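# Geometric and topological summary
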Amino acid sequence: MEEHKGNDREEIFSRKVKAGKRTYFFDVKSTRSNDYYLTITESKRKVRDDSFVYEKHKIFLYKEDFDKFVNALQDTVDHVKNELMADFDFSQYEVEAEASSEDKFGDDLKWD
């Protein structure tokens, strides 16, 4: 088994969001100098050769960009909810989010 040579950092905190065939992981990791950064991973389950494979995409977010990222995300979501889909009732998804956060099945699925 190949060593990671320090490329994978220790995970400090993690949250998982299940969304159909996709799962999102929000992980806080530490640097060698005890600084922190966030990785956001999208994992998509796909069928290949009669079995499942997971395709993943990762974003690294550093502390100096946290506020800019969160503000841009919130502005974008607000625009969709308030300008593009003002007539749509998004509250139906709040119940689903609460129910899925209590779902403990499949917690063995983990991406670094």
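No experiment lies behind these values; they were computed from the predicted model shown. (Residues numbered from 1 in each chain as written. Predicted model: local features only at pLDDT ≥ 70, side-chain atom pairs only at ≥ 80, totals over all residues. Heavy atoms only, no water.)

If you walk across this open sheet you meet the four strands as β1-β2-β3-β4, and the pairing is antiparallel. Two strands close off the open sheet at either side, each with one partner strand: β1 (11-19) and β4 (51-62). Each adjacent strand pair in this sheet contributes to an overall mean axis angle of 20 degrees, direction not counted. Pairing between strand β3 (residues 36-48) and β4: 12 bridges, direction antiparallel. Counterpart to R48 in the pairing with β4 is S51. (Pairing = 2+ DSSP bridges. Helix = DSSP H or I, 4+ residues; strand = E, 2+ residues; numbered from the N terminus. Axes fitted to C-alpha atoms, helices over the stretch in contact; angles between N-to-C directions.)

What follows covers the environment of E11. By secondary structure assignment, the location of E11 is in strand β1. Owing to a relative accessible area of 32%, E11 belongs among the partly exposed residues under this scheme. (Buried < 20%, exposed > 50% of the residue type's maximum accessible area, 1.4 Å probe, protein only.)

Scanning the model with the defined rule gives five aromatic pairs in all. On the basis of an interplanar angle of 35 degrees and a centroid distance of 5.8 Å, the ring pair of Y37 and Y62 is categorised as tilted. Note that Y37 is positioned in strand β3 and Y62 in strand β4, a separation of 25 residues in sequence. Note on Y37: relative accessible area 7%, which makes it buried. (Phe/Tyr/Trp six-rings, centres within 6.5 Å; stacked < 30°, edge-to-face > 60°.)

The next point concerns the pattern of salt bridges. Across all of its chains, the model carries five salt bridges by this definition. The partner of E42 in a salt bridge is R22, and the shortest N-O contact between them spans 2.4 Å. With a gap of 20 residues between them, E42 in strand β3 and R22 in strand β2 (residues 22-30) connect regions that are remote in the sequence. With its nearest N and O atoms 3.8 Å apart, the salt bridge here joins E55 to K44. With E55 in strand β4 and K44 in strand β3, the pair connects residues that are 11 residues apart, well separated along the chain. On the accessibility criterion, K44 (19% relative accessible area) is buried. (Salt bridge = Lys/Arg side-chain N within 4 Å of Asp/Glu carboxyl O.)

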